[in-house]
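Structural characterization, general
One-letter residues, chain by chain:
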2 protein chains.
Amino acid sequence: MTVASKTVSDVIHSHFGLLTRAEKQLAESLLDNYPVSGLGSITTIAENAGVSTPTVVRMVQKLGFKGYPDFQAHLHLEVEATISNPIAKHDRWAQNAPGTHILNRFADAIMGNLRQTLTDLDTATFDSVASLLSNRKRGLYFVGGRITGALAEYFFTHMQVIRPATTLLSSNSSSWPQYVLNMNAGDILIIFDIRRYEQEMVSLATAARKRGAEIVVFTDQWGSPAAKLARHAFRVRIEAPSAWDSSVVTLFIVEALIEAVQNSTWDETKERMKTLEGLFEQTKLFRKPG
Amino acid sequence: MTVASKTVSDVIHSHFGLLTRAEKQLAESLLDNYPVSGLGSITTIAENAGVSTPTVVRMVQKLGFKGYPDFQAHLHLEVEATISNPIAKHDRWAQNAPGTHILNRFADAIMGNLRQTLTDLDTATFDSVASLLSNRKRGLYFVGGRITGALAEYFFTHMQVIRPATTLLSSNSSSWPQYVLNMNAGDILIIFDIRRYEQEMVSLATAARKRGAEIVVFTDQWGSPAAKLARHAFRVRIEAPSAWDSSVVTLFIVEALIEAVQNSTWDETKERMKTLEGLFEQTKLFRKPG
DNA sequence: CATTCCCTGAAAATTTCTTTTCATGACAGT
DNA sequence: ACTGTCATGAAAAGAAATTTTCAGGGAATG
């Protein structure tokens, strides 16, 4: 094979599937902090990756290099190309693409959203919500709109594993009254409502409040009307260089909450997850193999 | 002497007057294309400078380094500092919270994931996939697993607005054969498969391939087995300070793709969205006000 | 349960790199 | 011109890195 035109990183990726366990471990170590991680001697990088030097030799040969020195020479060329090219000085995220590539523009926007959201976010709110969701006596109800329904589902799927009494409301508002009927005082309704706010969300929130439920809202910086009825609201920045809004930061908050809840009830959660594993295994036995 | 705070370049400059003819020659060779020129072995840089290796040793010792390896280690650190660190690391993202707050730790992790993913990502792959998805003659099929199903749904919901012929497969694998039956050659199957890879995904991918479908896989850095059958695969970093993997960066790629597709077919999409608006309005009229 | 295959790292063998030694030659001062 | 000093690189010695060999071990297969 010819290695000339492709970067070492490319070569590693294109061969990744063919690598063995120790080799994958090494490859990851190399790609982590690439390409600087490959600057040292074969002994050094073997140690950093936790593999033996023969593994290094075998892998670089498998990748098509003559030997470690050859491999390193290619890396040096790349380092040189990266450093000596002033434009490449990381005003861009994705290499080998213009700074105006959609990936780079998106990355900039998401960074800004994340920073702004976290600046505005009150960590006390976050902690309070995490604590609310950790309380197993409270039932959880998740609901999202047309677009945000997927986020609600994502949140629900995780919480369902972590704790009992979690319910995902259908995106179809006609079925909501039945869910409200089942809500008890102290239950929590988690609403995702991003702009083009859905009118029905307010009705749902009002009805839930009447049943004594607490409301947590994920919305954008302008605020869903449902946020006014909420005990806690997360105002997330959603701007993207796109005709669509970005849910990346919202998902970020959701994942952080999942971890916070899981962490605060780990002992109980651990048991649940073990049991779940068992159930999955059983389910597999019921099925015919692929 | 301590070399810690000063760069190697500084040290060379400050000692330049004390250097002999051959050493000055070597020093200039090093400063030319600094610091990359010092990456190779002592033999290499001696040759490049046109001096002998003992001259190199004598000079670096004169500069205060223990020996050539010591000298080179310092250079490596400088190269690393120059290359990495594209965005200054925030000691804390969320104000008024300790740096160890889950939000801050999560933000660090996601930033690392995003950076790493974009470094590894081939923009040509991204563009190819965007182009594939933009082709309205190709039917689109989305499928995800237990956790990633929400991502598939999110992607699907957007693409459904942007273009016709999009289908979301149920997470339940028993219904997949019927979908495969409807696939035509050239159709595209978008698979989300993150670790704890689901065995059925490979079967699905194989079956789809037999029907002539192209496969695009979203997976993690270790790679779903289904990725081997794929025309294109996105390897996304998913590590988080959590018992769960993070889907944030995956969602990022999805959103960027949505925008890329939408952008490349804006004229057609615009019409569709207008029509859709109208349909939503109509639906509202059918309902009683909340 | 035996067998095969292949990954893996310890250790040896080999190559390369780094340092030291030392002879040569240039130059300055006498 | 003689002598001492010092820079310089060839070559040897020493150290480290790289590659190869090989045996143990684990997973897959029959």
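Since the structure is predicted, the reported quantities are computational estimates derived from the model, not experimental observations.

Along the backbone of chain A there are twelve helices and five strands. Split into buried and exposed, the 290 residues of chain A put 53% on the buried side. When contacts within chain A are restricted to residue pairs at least 6 apart in sequence, those whose partners lie at least 24 apart make up 66%. Accessible surface computed for chain A: about 12,900 Å², of which carbon and sulfur atoms make up 52%.

Residue and element names in this part refer to chain B. The alternating pattern of strand S5 (residues 232–236) places His232, Phe234 and Val236 on a buried face, while none of Ala233 and Arg235, on the opposite face, is buried. In the sheet, strand S4 (residues 214–220) pairs with S5 via five bridges, with the strands oriented parallel. Its bridge partner being in S5, Thr219 is matched across the sheet by Arg235.

Another aspect to go through is the packing of aromatic side chains. Residue and element names in this part refer to chain B. Scanning the model with the defined rule gives 18 aromatic pairs over all chains in all. Ring centres 6.2 Å apart and planes at 65° place the aromatic pair Phe142 and Phe156 in the edge-to-face group. With Phe142 in strand S1 (residues 140–143) and Phe156 in helix H8 (residues 149–162), this pair connects stretches of sequence that are 14 residues apart. Judged on exposure class, the residue Phe142 and its partner Phe156 are both buried.

Moving on: the protein's contact with DNA strand C. In the vicinity of DNA strand C there are 17 residues, among which Thr20, Ala22, Thr55 and Arg58 of chain A together with Ile42 of chain B approach most closely. Within the contact set of DNA strand C, a phosphate oxygen lies 3.4 Å away from a side-chain nitrogen or oxygen of Ser52 of chain A. Arg58 of chain A places a polar side-chain atom, nitrogen or oxygen, 3.0 Å from a base nitrogen of DNA strand C. Contributions of two or more residues to the surface near DNA strand C are made by helix H2 (21–31) and helix H4 (53–62) of chain A together with helix H3 (42–49), helix H4 (53–62) and helix H5 (68–83) of chain B. With four residues, H4 of chain B is the single largest residue contributor to the surface near DNA strand C. Partitioning the surface near DNA strand C into residue classes produces seven nonpolar, eight polar and two charged.

A few words now on the protein's contact with DNA strand D. Taken together, 17 residues surround DNA strand D, and among them Ile42 and Tyr68 of chain A together with Thr20, Ala22 and Thr55 of chain B come closest. Restricting attention to atoms of DNA strand D within 4 Å of the protein, one finds that 69% of them are sugar or phosphate atoms. Thr20 of chain B is positioned with one of its side-chain polar atoms (N or O) 2.2 Å from a phosphate oxygen of DNA strand D. Interatomic distance of 3.1 Å between a side-chain N/O atom of Arg58 of chain B and a base nitrogen of DNA strand D. For the surface near DNA strand D, the secondary-structure elements that each account for two or more residues are helix H3 (42–49), H4 and helix H5 (68–84) of chain A together with helix H2 (21–31) and H4 of chain B. At four residues, the largest contribution of residues to the surface near DNA strand D is made by H4 of chain A. Each residue belonging to the surface near DNA strand D can be placed in one class, and the counts come to seven nonpolar, eight polar and two charged.

Residues and elements named next belong to chain B. Across the five residues of strand S3 (residues 188–192), five count as buried, placing the element largely inside the fold. With burial as the criterion, each face of S3 is covered, one bearing Ile188, Ile190 and Phe192 and the other bearing Leu189 and Ile191. Two elements, S1 and S3, share four bridges in a ladder whose sense is parallel. Within S3, the residue paired with Val143 across the bridge is Ile191. Two strands pair when backbone bridges link them, and S3 and S4 are joined in this way by five bridges, in the parallel orientation. Its bridge partner being in S4, Leu189 is matched across the sheet by Ile215. You can see the chain leave S3, run along helix H10 (residues 199–210) and come back into S4, and the turn it takes is right-handed.

Before going further, it helps to spend a moment on the confidence of the model for chain A. All names here are of chain A. Here chain A shows a mean pLDDT of 84. Residues at 70 or above account for 88%. Mean pLDDT across the secondary structure elements of chain A bottoms out at helix H12 (residues 266–286), with 70, and peaks at strand S1 (residues 140–143), with 98. Every residue in residues 85–92 is under pLDDT 50, and counting partners more than four places away or in other chains gives twelve contacts. Note on residues 285–290: pLDDT is under 50 here. Beyond four places in sequence and across chains, it has three contacts.

Within the element layout of this structure, Ser242 of chain B appears in the loop between S5 and helix H11 (248–264). Engagement of the side chain of Ser242 of chain B in a polar contact is seen with the side chain of Glu259 of chain A, the distance being 2.9 Å. In contact with Ser242 of chain B, not counting residues within four places along its chain, are Glu259 of chain A together with Phe106 of chain B.

This part is about the packing of helix H8 (residues 149–162) of chain A against helix H11 (residues 248–264) of chain A. Residue and element names in this part refer to chain A. Contact geometry for H8 and H11: axes closest at 10 Å, N-to-C directions at 10°. What the angle tells us is that H8 and H11 run roughly parallel. When H8 is examined against H11, the residues Leu151, Tyr154, Phe155, His158, Met159 and Ile162 are found in contact with a partner set consisting of Thr250, Leu251, Val254, Glu255, Leu257, Ile258, Val261 and Gln262. Of the residues assigned to the contact of H8 with H11, the class counts are ten nonpolar, three polar and one charged.

Reading the values: rules and limits
- Residue positions within a chain follow its written sequence, with the count starting from 1.
- Here chains are named by letter from A upward and ligands by number from 1 upward, in the order in which they appear as written.
- Residue-level local features of this predicted model are given only where pLDDT is at least 70; pairs of side-chain atoms are given and counted only at 80 or more, and the full residue set underlies all totals for whole chains, interfaces and linings.
- Only heavy atoms go into the side-chain values, all of them from the structure, while hydrogens and water stay out.
- In this description a helix means any DSSP run of H or I spanning at least four residues, a strand means any run of E spanning at least two, and both kinds are numbered starting from the N terminus.
- Only protein chains enter the calculation, and the probe is 1.4 Å; a residue is then buried if its accessible area is under 20% of its type maximum, exposed if over 50%, and partly exposed in between.
- Whether two residues touch is decided by their heavy atoms; if any such pair falls within 4.5 Å, the residues are in contact.
- The method behind every accessible area is Shrake-Rupley, applied with a 1.4 Å probe, and residues are considered shielded solely by the protein chains displayed.
- Note on pairing: two strands pair once DSSP finds at least 2 bridges between them.
- Ring pairs shown here join Phe, Tyr and Trp side chains whose ring centres sit within 6.5 Å, with only the six-membered ring taken for Trp; geometry is labelled stacked below 30 degrees between planes, edge-to-face above 60, and tilted in between.
- Whether a residue is near a molecule or strand is decided by its heavy atoms; if any one of them lies within 4 Å of it, the residue is near.
- Distance and chemistry together define a polar contact, namely a pair of N or O atoms within 3.5 Å, with one atom able to donate a hydrogen and the other to accept it when in protein, and with adjacent residues in sequence counting only for side-chain atoms on both sides.
- In this classification, Asp, Glu, Lys and Arg are treated as charged, Ala, Val, Leu, Ile, Met, Phe, Trp, Tyr, Cys and Pro as nonpolar, and every other residue, Gly included, as polar.
- The crossover handedness rule: strands pointing away from the viewer, path from first strand over the helix to second strand clockwise, crossover right-handed.
- The pLDDT score gives, residue by residue, the confidence of the prediction method on a 0 to 100 scale.
- A fitted line through C-alpha atoms serves as each axis, taken over the contacting stretch for helices, and the angle formed by two N-to-C directions is quoted from 0 to 180°.
- For classification, angles of less than 35 degrees are called roughly parallel, those exceeding 145 degrees roughly antiparallel, those between 65 and 115 degrees roughly perpendicular, and all remaining angles oblique.

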